[in-house]
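These are the residues of each chain, in order.
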Amino acid sequence: MLPNVRPDDILLTEHISIWRRSVSIGDVVICRSVTNPQQYICKRVVQLEGSPISFQTDESMTHKTVPRGHVWLEGDNKENSTDSRSYGPVPYGLLRSRAFFRVWPLQDFGCLPQSES
């Protein structure tokens, strides 16, 4: 999630948005890794269930629709991110929390940006 969230950042998260299925496009979420369920990852919600998504693959432009009960997640560092462009839509059941506030480092104290920079 570089440059917006760095490995040593300490974030506040909440679970109610996940439980109520009320995450929004632009939210930063913590979820279990699709490729390694023992690991947690931090990604941004780019598209919600039922919505079309277009992205560039090695060969061409790909168009998909996010299936019901899934979200499309991408890292902010698109050139160096393993995300839904690699493994596809993520089931809602793998989402654990929504990050909303950075408490450390102190110079970056405050709300997380709602979109990638």
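Scope of this entry: the structure provided in the associated data block.

How each quantity is defined
- Residues numbered from 1 in each chain as written.
- Predicted model: local features only at pLDDT ≥ 70, side-chain atom pairs only at ≥ 80, totals over all residues.
- Heavy atoms only, no water.
- Helix = DSSP H or I, 4+ residues; strand = E, 2+ residues; numbered from the N terminus.
- Rg over C-alpha atoms; globule rule 2.2 N^0.38 Å.
- Areas by Shrake-Rupley, 256 points an atom, 1.4 Å probe, with all protein chains shown as cover.
- Lys, Arg positive; Asp, Glu negative; His and termini not counted.
- Charge placed at Lys NZ, Arg CZ, Asp CG, Glu CD.
- Buried < 20%, exposed > 50% of the residue type's maximum accessible area, 1.4 Å probe, protein only.
- Contact = heavy atoms within 4.5 Å.
- Pairing = 2+ DSSP bridges.

### Here we look at the overall build of the protein
And step 1. Secondary structure summary: the protein contains two helices and nine strands in total.
And step 2. Listed N to C, the secondary structure of the protein is β-α-β-β-β-β-β-α-β-β-β in terms of helices and strands.
And step 3. Whereas a compact globule of 117 residues would reach a radius of gyration of roughly 13 Å, the protein reaches 14 Å, a difference of no more than 12%.
And step 4. Judged by the C-alpha coordinates and their principal axes, the protein covers about 40 × 30 × 25 Å.
And step 5. Per element, the accessible surface of the protein, about 7000 Å² overall, is 53% carbon and sulfur.
And step 6. Taking the 13 positively charged and 13 negatively charged side chains of the protein as two groups, their mean positions are separated by 8 Å.

### Description of the side chain of T62
And step 1. You can see T62 is positioned in strand β5 (residues 61-65).
And step 2. Take T62: its relative accessible area is 19%, and that puts it in the buried class.
And step 3. With sequence-adjacent residues up to four places away left out, T62 is seen in contact with I53, S54, F55 and T57.

### A look at the environment of L2
And step 1. Along the chain, the position of L2 falls in the segment before β1 (10-14).
And step 2. Residue classification places L2 among the partly exposed residues on the basis of a relative accessible area of 41%.
And step 3. Between the C-alpha atoms of L2 and V46, which are 44 residues apart in sequence, the distance is 16 Å.
And step 4. Filtering out sequence-adjacent residues up to four positions away, L2 remains in contact with P7, D76 and N77.

### What to know about the pairing of strand β3 (residues 40-47)
And step 1. Taking burial as the measure, the eight residues of β3 include six buried ones, the bulk of the element.
And step 2. Relative to β3, strand β2 (residues 28-32) runs antiparallel, the two being bridged by five bridges. From the neighbouring strand, I30 faces β3, where its bridge partner is C42.
And step 3. Relative to strand β6 (residues 70-74), β3 runs antiparallel, the two being bridged by three bridges. Across the sheet, V45 pairs through a bridge with L73, a residue of β6.

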